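# Descriptive analysis of the structure
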Amino acid sequence: MYGAHTSSALRGDYRRARADFTVEQGWHRYSAADQVLWRRLYERQCRQLADSACEAYIDGLARAGSATRIPDLKAVSDALTAATGWRLVAVPGFIPDAQFFAHLAARQFPVTVWLRKPEEIDYLVEPDIFHDFFGHVPMLFDPHFADFVQRYGEQGLHAITLDALPLVARLYWYTVEFGLIETPKGLRAYGAGILSSAGETAYALDSAQALRIRFDLQRCMRTRYRIDAFQKTYFVIQSLDQLMAAIDQDLDLLLTQLRSAPELDPEHLAPGDRIVAPRRSAMPIPMSKPVPPPAGVATP
Ligand SMILES: [Fe+2]
């Protein structure tokens, strides 16, 4: 998750937030109904993970160990710190971009404390603890991905000084939130916005209505995205190492050039695109289902 909004219109309670926007999780405040809803969400998503999520995600989800109750973020942090040096910090919801990047750069992942209501099981406007935890935390157990996200945080902080926030926001969107990866077992998802969404998991991998193209840093940064419907374009990596390789460099010149380059439409292919086949023979999937909220990334 991340976003540029901290107004009173947001759902979270920011009154007790510290200067870095962290709060106490207050685990004891979750109700019995919250715990039931968590298990319902968790079990529903797990049913489609076996042939949809990449191995790193499936391994990480097992290590995160929160199948039967809403996670205590401090307890999971201990396991995560032992694995990759990351820890989880509780936040009320969206936090300012600079603070979000600063947390990532310090290997701290912000997780929203509140859980959606039962009537929001398929759709809500802001990311909740289910999206933030179930979607994001498993991948942070992977050393390559964990290093990438930290480096992304550093580059994000720098991009703000270059007035290039929309460009790095798109990179996060199309990788951390909606990334696909080619594996020996076939096309799989690693993005949190896909893996925490009941509808988009199958759509992203199978639908003939979506474009799947090989990841390219510039193409990705130039491509607009949708926040109110399933994505039209997904970028496909061939290994998790590819992400770090793409951004572990001086991006000043590239960001400066791309700032004035035309944006690309996610509904159409662009010259040089390399198409990746869907997981199965493509079947049309209805678009009527609302999309769960991915990250609250500021719209470029
Ligand atoms: Fe997210």
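Calculation rules
All residue numbers refer to position in the chain's written sequence, counted from 1. Given that this is a predicted model, residues contribute local features only at a pLDDT of at least 70 and side-chain atom pairs are listed and counted only at 80 or more, while totals for whole chains, interfaces and linings are drawn from all residues. Starting at the N terminus, helices and strands are each numbered in turn, a helix being any DSSP run of H or I of at least four residues and a strand any DSSP run of E of at least two. Helix span, expected: 1.5 Å multiplied by one less than the number of residues in the helix. Residues are treated as contacting if the C-beta atoms built from their backbones sit within 7 Å of each other. As a rule, the C-alpha atoms of each element are fitted with a line to give its axis, helices using only the stretch in contact, and angles between N-to-C directions run from 0 to 180 degrees. When describing relative orientation, an angle under 35 degrees is termed roughly parallel and one over 145 degrees roughly antiparallel, while 65 to 115 degrees is termed roughly perpendicular and anything else oblique. By the definition used in this description, the sense in which the near helix is turned from the far one sets the handedness, with an anticlockwise turn below a right angle giving left-handed and a clockwise turn giving right-handed. Under the scheme applied here, ten amino acids are nonpolar (Ala, Val, Leu, Ile, Met, Phe, Trp, Tyr, Cys and Pro), four are charged (Asp, Glu, Lys and Arg), and all others, including Gly, are polar. With C-beta atoms placed from the backbone, the exposure class of a residue follows from how many other C-beta atoms lie within 10 Å of its own: 20 or more, buried; 12 or fewer, exposed; in between, partly exposed.

## Re helix α6 (residues 143–161)
- With 19 residues, α6 should reach 27 Å at 1.5 Å per residue; the first-to-last C-alpha distance of 28 Å fits that figure.
- Here the buried face of α6 lies against α2 (55–64), α3 (73–84), α4 (97–105), α7 (165–177), α11 (241–247) and α12 (252–259).
- Phi for Asp-163, located one or two positions after α6, is positive at around 60 degrees.

## Remarks on the packing of α6 against α7
- Relative to each other, α6 and α7 sit at 160 degrees, their axes nearing to 8 Å. Our classification of the angle between α6 and α7 gives roughly antiparallel. Classified by chirality, the crossing of α7 by α6 is left-handed. Between α6 and α7, the contacting residues are Val-149, Tyr-152, Gln-155, Gly-156, Ala-159 and Ile-160 on the first element and Leu-165, Leu-167, Val-168, Tyr-172 and Val-176 on the second.
- Residue composition of the contact of α6 with α7, grouped by class: 9 nonpolar, 2 polar and no charged.

## What to know about helix α5 (residues 129–136)
- Counting buried positions along α5 yields 8 of 8 residues, so the element is predominantly enclosed.
- Buried residues of α5: Ile-129, Phe-130, His-131, Asp-132, Phe-133, Phe-134, Gly-135 and His-136, and no others.
- The elements touched by buried residues of α5 are α1 (32–47), β2 (108–112) and α8 (192–195).

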